[in-house]
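# Architecture at a glance
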Amino acid sequence: MASENDHAESVRALRQLRRMRTFYAGGAVLWAATATSAGWDSPGSRQMWVSVVLLTVFAALLGMTSLWLWRQQARSSQEPVHHAAPRRTAWRRHANA
């Protein structure tokens, strides 16, 4: 059984992956627009090819991040969910006594 700290780190990692997926999607859209614009103005130019390479990098990063998130969500759906109250409530009773 995973400790509470492992679960918190897992939740933080998933949140960070979701943020990075959004960032990579924005980068891919930006570089796609730049590659299209550069290809329209001067097809085959160095600026167009640099934009295409950066688009490929952001698309690959987006794909890897999406795959990692999909695997994490598939793994977390297989684990049983425990809906128990936290055990740290005992000290409050002693503080009020």
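Keep in mind the model is a prediction, meaning the values are calculated, not measured. (Residues numbered from 1 in each chain as written. Predicted model: local features only at pLDDT ≥ 70, side-chain atom pairs only at ≥ 80, totals over all residues. Heavy atoms only, no water.)

## Some details on the overall build of the protein
From N to C terminus, the protein includes 3 helices and 0 strands. Traced from its N-terminal end to its C-terminal end, the protein shows the element sequence α-α-α. Going through the 97 residues of the protein one by one, you find that 14% of them count as buried. Within the protein, contacts between residues at least 6 apart in sequence are counted, and of these 66% link residues at least 24 apart. As presented, the protein carries roughly 8,100 Å² of accessible surface, and 61% of it is formed by carbon and sulfur atoms. (Helix = DSSP H or I, 4+ residues; strand = E, 2+ residues; numbered from the N terminus. Buried < 20%, exposed > 50% of the residue type's maximum accessible area, 1.4 Å probe, protein only. Contact = heavy atoms within 4.5 Å. Areas by Shrake-Rupley, 256 points an atom, 1.4 Å probe, with all protein chains shown as cover.)

## A closer look at the confidence of the model for the protein
Averaged over every residue, the pLDDT of the protein is 83; the share at 70 or more is 75%. Within the protein, helix H2 (residues 46-78) carries the highest mean pLDDT (92), whereas helix H3 (residues 90-96) carries the lowest (58). (pLDDT = per-residue confidence, 0-100.)

## Brief notes about H2
For H2, spanning 33 residues, the distance from its first C-alpha to its last is 48 Å, which sits close to the expected 48 Å at 1.5 Å a residue. Turning to H2, its buried residues number three or more, namely Met 48, Ser 51, Phe 58, Thr 65 and Leu 69. (Expected span 1.5 Å × (residues − 1).)

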